[in-house]
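# Reading the structure
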Amino acid sequence: MSEARTTPFAYVAEFGSAPELYHAAEKVRDAGFKKWDVHTPYPVHGIDKAMGLGKSWLSTVSLIGGITGFLTAFTLEFFTQVMLYPTVVQNKPTNLNTIPAFFPVMFELTILLTAFATVFGLLAFILLPRWNHPLFESPLFKKSTDDGFIMVIESRDPKFRKERTKEFLEEIGAEEIELLEV
Amino acid sequence: MAGLKDADDFREGEQFKGGGLLKLALLGGGVLFLIVFFVLYAAGSEQSKQAMGYSWLFAVTYFLTLSIGGIFWTLLHHASNSGWGIVVRRLMENIGSMVLFMLILGLPLIVPAFEFRDALWEWFPKKAEIEHHIHEDFDQKLADLKSDYEKNKADAQSAFNAFKSEKEAAIAKPGVTPGHANHLKEAIAHEEKELQKLLDKDLSEKALTKEIRKDAYMDHHHGDVLLWKKDGYLNNGAWYFRFVLYFIALVGIIYTLRFWSVRNDKDGDPKWFLLQRRWACGFLPFFAAAWTFLVFDWLMALDYKWFSTMWGVYLFAGSALNSMALLILLTSWLRKTGHLKNVVTPEHYHLMGKLLLAFTIFWAYIAFSQFFLIWYANITEETVFYLTRNTGYWNKHAMIFLVAGHFFIPFGFLLIQQAKKNVKYICGVAIWTLLMHLMDIYWIIIPERGPSITHGQEMIIKGAIIYDIVAFLAVGCLFGFALLWRLGTASLFPCRDPRLDESLNVIN
């Protein structure tokens with residue numbers, strides 16, 4: 001195996017506590033890194049701001065899904081029940097005034113497609129499903145599910161330099177640093 | 001992480017300062033409009049007096065719903081063991097405790113001397129008329145009925161005796177087949193049973209009175225079978241008794257919770273906090289029952305023939321929504337006048353905005369479900385509610401506007417996250433929602449006025465809108481005054497609540 005060529009994938013760094021990680025994240029954000037992430041055993045409030053994450057686009061995807069569902073149901077019901085084959089039920093008119101009868105289906109399809117768009121949109125955003133991830137090779141990363149506050153800076157970040165990034169991580173308070181290679 | 005607030009810095013609480021001039025203006029305005037209302041009442045004709053009953057009910061109901069929502073949010077906050085809203089919980093309690101003043105302002109509605117009661121709830125005069133018919137020559141009726149029955153009994157007895165001896169003679173005849181004899185015996189047994197039923201008939205005064213009453217209610221000319229069927233619920237004694245129960249339940253719940261909450265401010269003993277949390281769950285069903293039946297008695301009974309099982313939850317949905325809107329406005333006003341500056345953050349606005357969105361949807365869901373079931377089933381007793389409200393003067397455009405204004409506009413607006421965090425936008429939505437609620441309550445109560453007072457001759461009483469405005473301003477000013485006064489009686493937030501830290505630093 002030792003003959004195989006390896007390329008650096010990322011620096012995995014451990015920090016002592018949530019506040020230390022939080023402040024380190026602010027510094028990484030200010031240094032202009034883009035392809036990086038933090039992993040903690042529990043949710044840390046405000047970490048998204050410290051990382052400089054903007055608002056997620058997922059809600060837009062949900063909205064588009066919802067509108068699609070609404071229009072699908074409306075068109076389906078209106079064209080079939082009113083325009084193509086006017087169906088008189090209980091002497092109710094077949095025109096726009098019949099719309100209350102269509103609401104339950106419109107409501108359900110709106111909810112259904114919103115949920116679909118949200119779930120599948122999220123999967124697309126986070127590039128799931130996938131078989132494996134290089135990070136799983138890192139012993140340090142495993143601590144993030146137990147007691148470790150982990151930061152990962154990936155090598156595909158344009159600001160990533162093998163030496164300088166390591167120094168930078170030490171500078172901002174990383175207690176242990178590991179170069180993960182694939 | 002930086003700048004976490006420490007609850008120990010807030011242990012002293014914050015008193016409501018200022019607002020004195022506004023309080024005075026509101027009290028003055030309230031008294032002034034109250035006087036105007038009474039002058040109009042004293043000078044008005046019989047019809048306008050009756051019309052004013054509806055105006056007063058409309059005004060009281062609007063502000064009653066706001067305070068009911070305050071009770072609900074306090075109860076829910078404890079029952080769900082929430083931490084986010086501790087800083088605004090005292091304001092919820094203050095809004096909720098307005099229920100006492102609103103029920104007191106509602107007293108003219110239930111005191112018969114004002115003539116509001118009989119104008120609002122037609123079953124009172126109708127029932128009184130039927131009862132009057134019953135009591136006319138009551139003793140004579142009772143005696144007649146009794147002698148009728150006694151005569152019937154005697155007649156039936158002799159008829160039976162004749163029948164029996166005839167049949168027995170037939171059986172004794174020679175040549176009768178066993179089958180035929182058996183048949184005759186059965187006929188005798190049957191007749192005897194019928195006779196026994198008549199003889200056993202209870203001729204006590206109580207039983208006969210019930211029969212006379214039932215006959216009077218079933219009468220085609222001046223009776224009403226529905227009033228007989230609903231006699232157990234819609235009768236004077238039960239109605240007043242229920243009002244006392246509602247009063248005790250609603251006022252008792254919120255005053256108890258607020259008392260414990262304020263005690264907690266003084267000594268910081270967690271037992272008060274635990275008491276509130278434990279009892280809130282037990283109070284919830286009583287609160288729900290009291291409010292549901294109160295709106296049955298006050299609003300659904302405006303037309304005693306009409307009914308909707310979703311009525312209670314429909315009014316509740318509007319209450320909770322608009323109480324939240326009022327809470328947002330009150331918080332913003334307090335912040336503007338220099339209170340709660342470091343206590344309430346945009347995160348709290350975001351949370352309150354989310355609840356506003358949730359209850360906008362909930363109201364639409366309930367309102368539509370009620371309409372949908374009635375529209376689809378198309379039963380005469382039920383559709384009358386919507387027919388009154390979308391024909392004639394109350395044309396369907398008002399209803400469609402309510403659908404758009406009460407649901408679609410605030411819904412679209414509140415979907416945007418930034419709109420919920422921005423104080424100006426969320427206050428704009430809150431004001432809009434309160435205006436739509438005004439229209440909703442108006443639309444529930446006032447369309448009953450014309451048909452009820454003129455016995456179906458007119459859909460509207462012309463000019464009566466003046467009374468509505470005066471009544472609304474009178475009750476509104478007094479509500480505002482009472483609320484400002486109430487704010488000053490304790491700290492603006494529960495300053496020694498054990499979970500204040502959590503609420504001060506809430507992030508969602």
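Structural data are supplied above this passage.
As the structure is a computational prediction, the values presented were derived from the model and not from experiment. (Residues numbered from 1 in each chain as written. Chains lettered and ligands numbered in written order. Predicted model: local features only at pLDDT ≥ 70, side-chain atom pairs only at ≥ 80, totals over all residues. Heavy atoms only, no water.)

## Some remarks on the overall build of chain A
Short version of the rule: Only DSSP runs of H or I with at least four residues qualify as helices, and only runs of E with at least two residues qualify as strands; both kinds are numbered from the N terminus onward. Radius of gyration: C-alpha atoms only; globule rule: 2.2 Å multiplied by the number of residues to the exponent 0.38. The rule is simple: take the accessible area with a 1.4 Å probe, protein chains only, and divide by the maximum for that residue type; under 20% is buried, over 50% is exposed, in between is partly exposed. The contact definition used throughout considers only heavy atoms, calling two residues in contact when any of these lie within 4.5 Å. The method behind every accessible area is Shrake-Rupley, applied with a 1.4 Å probe, and residues are considered shielded solely by the protein chains displayed.
Broken down by element type, chain A carries six helices and four strands. Listing the helices and strands of chain A from first to last along the sequence gives β-α-β-α-α-α-α-β-α-β. For 182 residues, the compact-globule formula gives about 16 Å, and the C-alpha radius of gyration of chain A, at 25 Å, lies well above that figure. For chain A, the spread of C-alpha atoms along the three principal axes comes to 80 × 40 × 30 Å. By residue count, 34% of the 182 residues in chain A fall in the buried class. Across chain A, every contact between residues at least 6 apart in sequence was considered, and the portion connecting residues at least 24 apart equals 79%. A total accessible area of about 11,600 Å² is found for chain A, and carbon and sulfur atoms account for 63% of it.

## So, the interface of chain A and chain B
So the rule is basically this: The quantity reported as buried area is the accessible area (1.4 Å probe) lost by two parts once they are put together, taken as the sum for both. Definition used for salt bridges: Asp or Glu carboxyl oxygen within 4 Å of a side-chain nitrogen of Lys or Arg. Any pair of nitrogen or oxygen atoms within 3.5 Å is treated as a polar contact; in protein, a donor-acceptor pairing is required on top of that, and neighbouring residues in sequence qualify only through side-chain atoms on both sides.
In this assembly, 17 residues from chain A lie in contact with 11 residues from chain B. Around 1,300 Å² of area is buried between chain A and chain B when both sides are counted, 73% of it from carbon and sulfur atoms. Counting across the interface, chain A meets chain B through zero salt bridges. Here chain A is connected to chain B by one residue pair in polar contact (both at pLDDT 80 or more). If you list the elements that add at least two residues to the side of chain A that touches chain B, you get α1 (18-31) and α4 (99-125) of chain A. The greatest single-element share of the side of chain A that touches chain B, amounting to four residues, is contributed by α4 of chain A.

## Describing the pattern of salt bridges
All names here are of chain B. Taken as a whole, this structure holds 21 salt bridges over all chains when the rule is applied. The partner of E93 in a salt bridge is R89, with the nearest N and O atoms 3.1 Å apart. One end of the pair is E93 and the other is R89, both in helix α3 (residues 86-96) and four residues apart, which spans about a single turn. Each member of the pair, E93 as well as R89, carries the same accessibility label: buried. With a closest N to O distance of 3.8 Å, E194 and K197 form a salt bridge. Placement of the pair is E194 and K197 together in helix α9 (residues 178-199), with a separation of three residues, close to one helical turn. A residue is classified by how much of its surface remains accessible, and K197, at 59% relative accessible area, is exposed.

## Structural notes on a nonpolar patch on the surface
Test applied: Exposure above 30% relative accessible area and the lack of any salt bridge qualify a residue for a patch; like charges then connect within 9 Å, and the nonpolar side chains Val, Leu, Ile, Met, Phe, Trp and Tyr within 5 Å.
A contiguous nonpolar surface patch, about 530 Å² in accessible area, is contributed by L63, I67, F70 and L71 of chain A together with L415 and I416 of chain B. As for its placement among the helices and strands, L71 of chain A is situated in helix α3 (residues 58-84). In this structure L71 of chain A comes out as partly exposed when scored by relative accessible area, which is 46%.

## A short note on the layout of surface pockets
Residues and elements named next belong to chain A. The condition that has to hold: A cavity here means a set of 1 Å grid points, computed over protein atoms only, where a 1.4 Å probe fits but cannot escape. A pocket is an open set with protein on both sides within 12 Å along at least 5 of 7 lines, and lining residues have an atom within 4 Å of a point. Grid points are joined across faces, edges and corners, and a volume is the space filled by probe spheres set on the points. Put simply, Ala, Val, Leu, Ile, Met, Phe, Trp, Tyr, Cys and Pro go in the nonpolar bin, Asp, Glu, Lys and Arg in the charged bin, and everything else, Gly too, in the polar bin. Domain start and stop points were drawn from an automatic or database domain assignment.
Estimated volume of the second largest pocket: approximately 1,200 Å³. Taken together, 29 residues form the lining of the second largest pocket, with W36, D37, F125, I126 and R156 sitting closest to its centre. If one sorts the elements of the lining of the second largest pocket by residue count, strand β2 (residues 36-39) sits on top with three residues. Across the lining of the second largest pocket, the residue classes break down as 16 nonpolar, five polar and eight charged. Each of domain 1 (8-53 + 127-181) and domain 2 (58-125) contributes no fewer than three residues to the lining of the second largest pocket.

## Remarks on a negative patch on the surface
Residue and element names in this part refer to chain A. Operational definition: His is not counted here, nor are the chain ends, while Lys and Arg score as positive and Asp and Glu score as negative. Taken as the charge location is NZ of Lys, CZ of Arg, CG of Asp or CD of Glu.
Taken together, the side chains of E163, E167, E170 and E171 define an acidic patch exposed on the protein surface. Note that E167 resides in helix α6 (residues 162-171). For E167, a relative accessible area of 48% translates into the label partly exposed.

## As for the pairing of strand β3 (residues 149-154) of chain A
Note on strand geometry: in a regular strand, side chains alternate between the two faces of the sheet. Residue and element names in this part refer to chain A. Note the following rule: Two strands form a pair only when DSSP identifies at least two bridges running between them.
Within β3, six of the six residues are buried, which leaves it mostly tucked inside the rest of the structure. Residues F149, M151 and I153 point to one face of β3 and I150, V152 and E154 to the other, with burial holding for every one of them. Bridge analysis of strand β1 (residues 8-15) against β3 gives six bridges, and the strand direction is antiparallel. When the sheet's bridge partners are listed, A10 is paired in β3 with E154. One ladder, built from four bridges, connects β2 with β3; its direction is antiparallel. Its bridge partner lying in β3, D37 is registered against V152.

## Brief notes about the sheet that holds strand β4 (residues 176-181) of chain A
Residues and elements named next belong to chain A. Threshold: Between the N-to-C directions of two axes lies an angle of 0 to 180 degrees, each axis being a line fitted to C-alpha atoms and, for a helix, fitted only over the stretch in contact.
One open sheet accounts for four strands, arranged β2-β3-β1-β4; its pairing is antiparallel. Looking at strand neighbours, the two that pair on one side only are β2 and β4, the edges of this open sheet. Looking at each pair of strands side by side, their axes are set apart by 20 degrees on average, direction ignored. The strands that α1 touches are β1, β2 and β3; relative to β3, the one it contacts most, it runs at about 20 degrees.

## Let's talk about the side chain of N264 of chain B
Residues and elements named next belong to chain B. With respect to the helices and strands, the residue N264 is situated in helix α12 (residues 236-267). When its relative accessible area of 1% is taken as the criterion, N264 is described as buried. With residues near it in sequence (within four places) discarded, N264 still touches D269, W272, F273, R496, D497 and P498.

## Some thoughts on the packing of helix α15 (residues 346-377) of chain B against helix α17 (residues 396-414) of chain B
For any two helices packed against each other, one specifies the crossing angle of their axes together with the interaxial distance. Residues and elements named next belong to chain B. What counts, and what does not: Note that the term roughly parallel is reserved for angles under 35 degrees, roughly antiparallel for angles over 145, roughly perpendicular for angles of 65 to 115, and oblique for everything else. Two helices crossing with the near one rotated counterclockwise from the far one by less than a right angle form a left-handed crossing, whereas a clockwise rotation gives a right-handed crossing.
As a packed pair, α15 and α17 sit with axes 9 Å apart at the nearest point and diverge in direction by 150 degrees. Comparing the axis directions of α15 and α17 gives the class roughly antiparallel. Of the two possible hands of crossing, α15 and α17 adopt the one that is left-handed. In this structure, α15 uses G353, L356, L357, T360, I361, W363, A364 and F371 to contact α17, whose residues at the interface are M399, L402, H406, F407, P410, F411 and L414. Looking at side-chain class alone, the contact of α15 with α17 contains 12 nonpolar, three polar and no charged residues.

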